[in-house]
Amino acid sequence: MTRHVSADQVRSWLDEQVVRDVQRVSGDETEFNFQLELSRLPLHVIKEETWGPIRLVGNNAFDTDEVVELVEDDARREELLTRFGPVLAATPGFYTFLDEEGVSCPLAEAHSIQLEHRIYPDGASQQALMSGLMSIATAMRYLQNTAAEMPRGGEG
């Protein structure tokens, strides 16, 4: 049976021992949008429609010159994707490479990678919410660490 999951319910499910700095984002066309921090990583919990899914969203920007160089170099980009692949495949939900405007694009043109997991109303629970958030945060941290540890141009 499908049920309505309210902003208050979702807010009460957020484990204050794990998440920090929960803020409601206003001004968008959503039923609710909570921005929070988990392991010093920004995440969003978004619900766009009353009966729609709860979207758990994290975004990793390719915001250093070194990572931009990795993404732009064909061979190094392929190695980066090979290293990213297992965690992207194992993380619940899906991922999308985004360009500067936030539009889906190939990795060669990407400025960030967005991870998203959806929890549908009939499966919504504190366990589903927190497990999803922790999985996305773990994947985001892995992606950041992997990109930072990649050999730079000229290194073997």
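Further up the page is the structure itself.
The paragraphs below set out a description of the structure included in this document. (Residues numbered from 1 in each chain as written. Predicted model: local features only at pLDDT ≥ 70, side-chain atom pairs only at ≥ 80, totals over all residues. Heavy atoms only, no water.)

1. Brief notes about the pattern of salt bridges
Reasoning step 1: Applying the stated criterion to the full structure yields 7 salt bridges.
Reasoning step 2: Of the charged contacts in the structure, one is a salt bridge between Arg55 and Glu48, with a shortest N-O distance of 2.7 Å.
Reasoning step 3: When the shortest N-O distance is used, the salt bridge between Arg55 and Glu116 registers 2.8 Å. Of the two residues, Arg55 sits in strand E4 (residues 54-61) while Glu116 sits in strand E6 (residues 112-119), which places them 61 residues apart along the sequence. (Salt bridge = Lys/Arg side-chain N within 4 Å of Asp/Glu carboxyl O. Helix = DSSP H or I, 4+ residues; strand = E, 2+ residues; numbered from the N terminus.)

2. Here we look at the packing of aromatic side chains
Reasoning step 1: Tallying each qualifying case throughout the model produces 2 aromatic pairs.
Reasoning step 2: Relative to Phe34, the ring of Phe32 has its centre 5.4 Å away and its plane inclined at 40 degrees; by these criteria the two rings are tilted.
Reasoning step 3: Relative accessible area serves as the criterion here: at 5%, Phe34 is assigned to the buried category. (Phe/Tyr/Trp six-rings, centres within 6.5 Å; stacked < 30°, edge-to-face > 60°. Buried < 20%, exposed > 50% of the residue type's maximum accessible area, 1.4 Å probe, protein only.)

3. Quick look at the sheet that holds strand E3 (residues 41-47)
What links the strands of a sheet is backbone hydrogen bonding, and the strands pair in either a parallel or an antiparallel sense.
Reasoning step 1: If you walk across this open sheet you meet the 6 strands as E1-E2-E3-E4-E6-E5, and the pairing is antiparallel. Here the strands that pair on one side only, and so sit at the sheet edges, are strand E1 (19-24) and strand E5 (94-98). Direction aside, the axes of adjacent strands within the sheet are offset by 25 degrees on average.
Reasoning step 2: Judged from the 4 bridges that link them, E1 and strand E2 (residues 32-38) form a sheet pairing that is antiparallel. Paired with Arg20 across the two strands is Glu37, which belongs to E2.
Reasoning step 3: Relative to E4, helix H4 (residues 126-149) is tilted by about 10 degrees, and along the sheet it contacts E1, E2, E3, E4 and E6. (Pairing = 2+ DSSP bridges. Axes fitted to C-alpha atoms, helices over the stretch in contact; angles between N-to-C directions. Contact = heavy atoms within 4.5 Å.)

4. Topic: unusual backbone geometry
Reasoning step 1: Of note, the phi angle at Ser39 is positive, near 55 degrees, even though the residue is not glycine.
Reasoning step 2: Look at Ser39 and you get partly exposed, because its relative accessible area is 43%.
Reasoning step 3: At Arg40, a residue that is not glycine, the phi angle is positive and equals roughly 65 degrees.
Reasoning step 4: By the secondary structure assignment, Arg40 is in the loop between E2 and E3.

5. A short note on the side chain of Asp99
Reasoning step 1: Examined against the element boundaries, Asp99 turns out to sit in the loop between E5 and E6.
Reasoning step 2: A distance of 2.9 Å separates the side chain of Asp99 from the backbone nitrogen of Glu101, its partner in a polar contact.
Reasoning step 3: Setting aside its immediate chain neighbours within four residues, Asp99 contacts Cys105, Glu109 and His111. (Polar contact = N/O pair within 3.5 Å; in protein donor to acceptor, adjacent residues only side chain to side chain.)

6. Some details on a negative patch on the surface
Reasoning step 1: Taken together, the side chains of Asp65, Glu66, Glu69, Glu72 and Asp73 define an acidic patch exposed on the protein surface.
Reasoning step 2: For Asp73, the location among the structural elements is in the loop between helix H2 (65-72) and helix H3 (74-90). (Patch = residues over 30% accessible without salt bridge, like charges linked within 9 Å, V, L, I, M, F, W, Y side chains within 5 Å. Areas by Shrake-Rupley, 256 points an atom, 1.4 Å probe, with all protein chains shown as cover. Lys, Arg positive; Asp, Glu negative; His and termini not counted. Charge placed at Lys NZ, Arg CZ, Asp CG, Glu CD.)

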